[in-house]
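Structural overview for review
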Amino acid sequence: MKKVGFIGLGIMGKPMAINLIDAGYDLIVLDSNKAADDLTQKGAKAYSSCQEVAENSEIIITMLPDSPEVNEVVFGEGGVLEGIQSGAVFIDMSTISPSTAREVAEAMLKKGVDALDAPVSGGQVGAEQGNLSIMVGGKQAAFDTAKPLFEVMGKSAVLIGDAGAGQMTKACNQMIVGMTIQAVAESFTLAKKAGVDLEKMREALLGGFAQSRILDLHGQRIIDRNFEPGFKIKLHRKDMNIALMAGKEFKVPLYGSALVASHMDAVLAAGMDEKDHSALALLMEKLSNVD
């Protein structure tokens, strides 16, 4: 098995890295926090800089919050680009702008490295269970090299197209997810104020054309009043901004996405930025005077 460097051991990255170790991969991590200590206790080797991680890895994976963090890790002093070896494969599994993904791919190509943008969907639970959906942009050969790792971390991995295609697909995914959560939040708020039993309504809707994974999981979250994050709303707001920026780039009006993004802004302004993205329901209830 190839040596794998993993940078970004957050709420998603840490369980993804653990799954790779459990599958037998030699893992190299950045020695920067307690999560890294937890990984070294499981057999990972730690280095103090991104450059050193890259120098000692054949495949490098990053799982970071946003485009600026990816730029810093890749292009910054002591970054991946300074240490990565020709013939390696670089995989960014963060959710970032498609334009940043293309810039990274171009820089890697000059170093003799194939890059993949491979954002994921499935949240913390999907990362822990190894059943993420992985959307990939890049070359077929690099995808074939990375596929065994994708099969450990996810239930599906699809090569969408060239560099940036994975990130564009993720942006579209987040638009659909965001607008569907908004629809569930509105419908549950209306039903609650009208005195309808939400548990029975959810059961009925799941048997019809409105059925969706979001209605299933987030509908239950709303009923249970469980807004602890599986995916923080502040991160989804970031993703919606990526989608809106792509809409401007390609001159596509994204009316629904813009509305949902503004509702997410209101949730953040109310101090609920650390809650799950299903907390859109809390905003709807507040606006509707629903207890």
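Please refer to the structure higher up on the page.
Quick caveat, the model's predicted, so the values are computed rather than measured. Along each chain, the written sequence defines residue order, and numbers are assigned to residues from 1. Under the rules for a predicted model, residues below a pLDDT of 70 receive no local features and side-chain atom pairs below 80 are neither given nor counted, while totals for whole chains, interfaces and linings still include all residues. Heavy atoms throughout the structure, all of them, feed into the side-chain values; hydrogens and water do not.

Residues in a regular strand point their side chains to alternate faces of the sheet. When a residue's accessible area, from a 1.4 Å probe over protein chains only, is under 20% of the maximum for its type it is buried; when over 50% it is exposed; and in between it is partly exposed. Under the scheme used here, helices are H or I runs from DSSP no shorter than 4 residues and strands are E runs no shorter than 2 residues, and both carry numbers assigned from the N terminus. The alternating pattern of strand E4 (residues 59-62) places Ile-59 and Ile-61 on one face and Ile-60 and Thr-62 on the opposite face, and all of these are buried. In this description, strands pair whenever DSSP reports at least two bridges between them. With 4 bridges joining them, strand E1 (residues 4-7) and E4 adopt parallel strand pairing. Within the sheet, the bridge partner assigned to Phe-6 lies in E4 and is Ile-61. As paired strands, E4 and strand E5 (residues 89-92) are joined by 4 bridges and run parallel to one another. Bridged to Ile-61 within E5 is Ile-91.

Now for the environment of Asp-144. For Asp-144, the position within the fold is in helix H8 (residues 140-153). On the accessibility criterion, Asp-144 (44% relative accessible area) is partly exposed. Along the chain, Asp-144 and Gly-78 lie 66 residues apart, while their C-alpha atoms are 29 Å from each other.

It is worth spelling out helix H1 (residues 13-22) at this point. Within H1, 7 of the 10 residues are buried, which leaves it mostly tucked inside the rest of the structure. Where H1 is concerned, the buried positions are Gly-13, Pro-15, Met-16, Ala-17, Asn-19, Leu-20 and Ile-21. Looking one or two residues beyond H1, the residue adopting positive phi is Gly-24, at roughly 105°.

Attention shifts here to the nonpolar core. Residue types Ala, Val, Leu, Ile, Met, Phe, Trp, Tyr and Cys, when buried and joined through side-chain atoms within 4.5 Å, form a set referred to as a nonpolar core. In terms of nonpolar packing, the biggest core is built from 34 residues, with Phe-6, Leu-27, Ile-61, Ile-91, Met-93 and Phe-150 touching the most fellow members. Among the elements of the structure, E1, H1, strand E2 (27-30), helix H2 (34-41), E4, E5, strand E8 (132-137) and H8 are those that each provide at least two residues to this core. No other element matches H8, which puts 6 residues into this core. Setting aside its immediate chain neighbours within four residues, Leu-27 contacts Val-4, Phe-6, Ala-17, Leu-20, Ile-21, Leu-39, Ala-44 and Lys-45. With 31 residues, the next largest nonpolar core counts Leu-215, Val-260, Ala-279 and Met-284 among its residues. Residues are treated as being in contact if the distance between any of their heavy atoms lies within 4.5 Å.

Mapped onto the secondary structure, Thr-189 falls in helix H9 (residues 165-193). Owing to a relative accessible area of 3%, Thr-189 belongs among the buried residues under this scheme. Apart from residues no more than four positions distant in its own chain, Thr-189 is found in contact with Ala-281, Met-284, Glu-285, Ser-288 and Val-290.

A few words on the environment of Lys-110. The residue Lys-110 is located in helix H6 (residues 98-110) in this model. C-alpha separation for the pair Lys-110 and Asp-276, spaced 166 residues apart in sequence, amounts to 40 Å.

By themselves, these observations are geometric and do not establish any function.
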